[in-house]
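Fold and geometry: a report
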Amino acid sequence: MSGVQLERIQVLNREAEQPGRFVLVWMQQAQRVAFNHALTHAVELANLRGLPVAVLVGITDRYPGANRRHYAFMAEGLADVQAGLEKLGIPLWVVAGSPERAVLAAAREAALVVTDCGYTRIQKTWRAKAAVALNCPLIQVESDVVVPLEVASEKREYAAYTLRRKIHRNLPRFMRPVKPLRPKKDGLGLAAPRPMLPVEPEAFLAVLALDDSVSPVAKWRGGERAAQKRLRQFMDEGLADYAERRNDPNADALSGLSPYLHFGQISALQAALWAAERGGDGAQAFLEELVVRRELAMNFVHFTPDYDRYSALPDWARLTLAQHARDPRTHAYSLADWEAGRTHDPYFNAAQLEMVRSGKMHGYMRMYWGKKILEWSRSPERAFEIALYLNDKYELDGRDPNGYTGVAWCFGLHDRAWAERPVFGKIRYMNDKGLRRKFDADAYVRRIATLENETHMR
């Protein structure tokens, strides 16, 4: 057996299996070959039926908030997927169009379709529409988290401490590697659907009508190979000191895995298994972030339909912010000011510049960055919109449950009430003195000031 637990598997429709020519994998979120529960389960089903396997990725160039920076990173990942699948005798079909329509076209001769999980509104909508329209079974396999969300909890959790014990109770069952399987029948000769997109990154980007307002970044190369290299480097060089150094933006102590996790180019389970095997305080701190905190974000998005709106904040947070909405602001900046990093605060400006130029902002600075937008915007509602817009536009891991949750945390989500103060009310406050107590904040500003523009056209 493949080791894919039954709790990860869900049949999304009641269609009877049809006499098809192959098993189709709809690879939308988990865009990788290794540690891919959906791919492994599909191969197992195909081998039982004596059928080949094909993999489809549907590509729309109208994904909300995505631009050339994000598509370039994904394109590099698809090239790795194609190379890995070819070694297994599995074709990769990258099809233009809304993904639920692409899977319908590709599945006309499929016995069944296996897909991965996605928790954002658009991902759920794609799968729901496909489930209704397909005339064969659509099987969803959780491939993105360590503990399947509804195994851990059946409701929106209040904070990390309410989910942590549920996660840890289930970890022994799910911290198991996925046994890779090879199809018994080669599928490389299967006829591909149309319209196909080229997989070579430059050609892929050239045929899509993309938002060109944000360029790709040179520092971060997408794909499974780059993800595996970064994971190995972090395990060897960063994990042991992670607990002590992770909140210092000057230490370069973070794993750097979030863009790869966002695009499904690496498995959270693989990273968790490797860290657990190493052990130590660093591993425990890393597992807290990778499993508990990341899956808390997934829980929030899954159980909160308006997860990307101000209305999703806890009642107490919206109440206290409303009570202080008319408090005088010491400064008030426009979206253009925020985006350009034109504020009086050198620490905010440096954090914004880091994100714009490198596609990633240090996690501790992202908390400070969000708090300052709340403090110096004309209303908390407008501040929420600005923070989410900037995060989604520039971060490689934007448009993601962790991004939505991280922004909402700055406004009180998964937190408690603190001492009341102007503008913030009872929302947790952060200031520049706190930064300087934590690390050499001025050294951070100097380093970012010399950061060359790492964007480049592809």
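Numbering of residues starts from 1 in each chain and follows the order in which that chain's sequence is written. Under the rules for a predicted model, residues below a pLDDT of 70 receive no local features and side-chain atom pairs below 80 are neither given nor counted, while totals for whole chains, interfaces and linings still include all residues. Here the side-chain values reflect all heavy atoms present in the structure, with hydrogen atoms and water set aside.

**Considerations on the packing of helix H6 (residues 160–174) against helix H12 (residues 281–302)**
Angular values range over 0 to 180 degrees, each being the angle between N-to-C directions of two axes fitted as lines to C-alpha atoms, with helices fitted over their stretch in contact. Counting from the N terminus, the helices are the DSSP runs of H or I reaching at least four residues and the strands are the DSSP runs of E reaching at least two. Between H6 and H12, the shortest axis-to-axis distance is 9 Å and the interhelical angle comes to 120°. Looking at the two axes, H6 sits oblique to H12. The crossing of H6 and H12 is right-handed. In contact with Ala160, Leu163, Arg164, Ile167, His168 and Leu171 of H6, H12 contributes Glu288, Val291, Val292, Arg293, Glu295 and Leu296. Reported orientations rely on four angle classes, namely roughly parallel under 35 degrees, roughly antiparallel over 145, roughly perpendicular from 65 to 115, and oblique for the rest. Note: crossing handedness is left-handed where the near helix turns anticlockwise from the far helix by less than a right angle, and right-handed where it turns clockwise. Only heavy atoms enter the contact rule, under which two residues are in contact if any of them lie within 4.5 Å.

**A few points about helix H2 (residues 68–86)**
The terminal C-alpha atoms of H2 lie 27 Å apart, and with 19 residues this matches the ideal 27 Å at 1.5 Å per residue to within 8%. In terms of residue burial, H2 counts as a mostly covered element, since 15 of its 19 residues are buried. Two N or O atoms form a polar contact when they lie within 3.5 Å of each other; inside protein one atom must be a possible hydrogen donor and the other a possible acceptor, and for residues adjacent in sequence the pair counts only when both atoms belong to side chains. For H2, the side-chain oxygen to backbone nitrogen distance between the N-cap and Arg69 is 3.0 Å, and the N-cap itself is Asn67. By this rule the span expected of a helix is its residue count minus one, scaled by 1.5 Å. The classification of residues rests on relative accessible area computed with a 1.4 Å probe and restricted to protein chains. Under 20% of the type maximum is buried, over 50% is exposed, and intermediate values are partly exposed.

**Thoughts on the environment of His414**
Looking at the element boundaries, His414 is found in the loop between helix H18 (401–409) and helix H19 (432–438). You can call His414 buried: its relative accessible area is 12%. Taking the C-alpha atoms as reference, His414 lies 26 Å from Asn349; in sequence the two are 65 residues apart. Not counting the four nearest positions on each side in its chain, His414 is found in contact with Glu157, Tyr158, Ala159, Leu296, Phe300, Thr405 and Trp409.

**Concerning the side chain of Ser358**
Secondary-structure assignment places Ser358 in helix H15 (residues 346–358). Looking at Ser358, the relative accessible area reads 4%, which means it is buried. One polar contact links the side chain of Ser358 to the main-chain carbonyl oxygen of Glu354, over a distance of 2.6 Å.

**Quick notes on the nonpolar core**
We define the nonpolar core as a collection of buried residues of types Ala, Val, Leu, Ile, Met, Phe, Trp, Tyr and Cys that are connected through side-chain atoms lying within 4.5 Å of one another. In terms of nonpolar packing, the biggest core is built from 100 residues, with Leu24, Ile59, Tyr71, Phe204 and Phe286 touching the most fellow members. Tyr71 has contacts with Ile59, Thr60, Asp61, Arg62, Tyr63, Ala66, Phe204, Leu205, Leu208 and Leu210, leaving out every residue within four places of it along the chain. Among the nonpolar cores identified, the runner-up in size contains 53 residues, and Ala312, Met361, Tyr364 and Leu374 belong to it.

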